[in-house]
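# Fold and geometry: a report
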Amino acid sequence: MKIVVIGTGHIGGTLGQRWRAAGHEVAYGSRTASGTGPGGAPVLPVGEELTGAEVVLLAVPGGAVADVVAAHGAALAGKVVIDAVNRIGEPAVNSHTAITAAAPQCHYVRAFNTLGWENFADPPPDAVMFFAADPGARPAAEELITAVGLEPLFAGDADASTTIDAFLPCGSRWSGTTAGTAGSHCASRDSRPGDRTHLREDQPAEHNLTAANAEG
Ligand SMILES: NC(=O)c1ccc[n+]([C@@H]2O[C@H](COP(=O)([O-])OP(=O)(O)OC[C@H]3O[C@@H](n4cnc5c(N)ncnc54)[C@H](OP(=O)(O)O)[C@@H]3O)[C@@H](O)[C@H]2O)c1
């Protein structure tokens, strides 16, 4: 697949690298960088790389999403748009409303937002990822989750995005762990949204929700 990753940070860089290694054609969209990005994929100004892309990953801070999709909404039409952004502290953690308002013809996916980036760089054995997707986007989402070494578990269409976000208190605290220790915290097939069994007992859920690496 031809994939554009907007944001060259922890999430964008890690997933771009993994997808390129899996044989996908990756390009990064960046405000500042140029040349080559993580894994050797080209880095272009946001927007220039969108032509011909099948999939776009949004991996920018929550406060940047509105501007990015407003500027490039037309170019997202018909594409699979994966929303990995967490808008911590806002009424909706995901950007489904903003993305589909700017790009009503896109195919929305909510995924890659509930696990720390370390889990994508070096996935623990048997780890799973719950995701939500419009019907037209489900095959691509499953392929790209599988490509990073996680088992995709479909939670429903885009309306199930809030269900995916209910895993965030679990995933947030995984950020900052090493890949080696993250495995013991990853969701399993028995996990359920809002499941608190993976939370640190000495920390309230609010602490986990505001863990630094998952903040937008
Ligand atoms: N870190 C995690 O483990 C994790 C896990 C799940 C979800 N998330 C979510 O993923 C998103 C990215 O997190 P991250 O950890 O990858 O952050 P990060 O390392 O800070 O990277 C964010 C990237 O977004 C781009 N960016 C920054 N400000 C921007 C702006 N105003 N407009 C457009 N692009 C901007 C930058 O790339 P350029 O300078 O190249 O433009 C930057 O490298 C956040 O919404 C976060 O909540 C993070």
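What you see is a predicted model; the values in this text were computed from it and never measured. (Residues numbered from 1 in each chain as written. Predicted model: local features only at pLDDT ≥ 70, side-chain atom pairs only at ≥ 80, totals over all residues.)

### A closer look at helix α2 (residues 65-76)
With 12 residues, α2 extends just 13 Å between its outermost C-alpha atoms, more than 12% less than the 16 Å of an ideal straight helix rising 1.5 Å per residue. Lining the buried residues of α2 we find β1 (2-6), β5 (55-58), β6 (80-83) and α3 (96-102). Positive phi shows up at G78, right after α2, with a value of about 80°. (Helix = DSSP H or I, 4+ residues; strand = E, 2+ residues; numbered from the N terminus. Expected span 1.5 Å × (residues − 1). Contact = placed C-beta atoms within 7 Å.)

### Considerations on the pairing of strand β7 (residues 107-110)
Every second residue of β7 is oriented toward a common face, with H107 and V109 on one face and Y108 and R110 on the other, all of them buried. For the crossover from β6 across α3 to β7, the handedness is right-handed. Relative to strand β8 (residues 128-133), β7 runs antiparallel, the two being bridged by two bridges. Looking at β8, one finds that V109 is bridged to A133. (Buried ≥ 20, exposed ≤ 12 C-beta atoms within 10 Å, placed from the backbone. Right-handed = clockwise from strand over helix to strand, strands pointing away. Pairing = 2+ DSSP bridges.)

### A look at the site of the ligand
In the vicinity of the ligand lie 27 residues, with G7, G9, S30, A64 and N86 positioned nearest. Residues that form the shell around the ligand fall into these classes: 11 nonpolar, 14 polar and two charged. (Near = placed C-beta within 6 Å. Nonpolar A, V, L, I, M, F, W, Y, C, P; charged D, E, K, R; others polar.)

### Quick notes on the pairing of strand β9 (residues 151-156)
Here β8 pairs with β9 via five bridges, running parallel. Bridge assignment links F131 to a residue of β9, and that residue is F154. The β-α-β motif built from β8, the intervening helix α5 (residues 138-147) and the parallel element β9 has right-handed crossover chirality.

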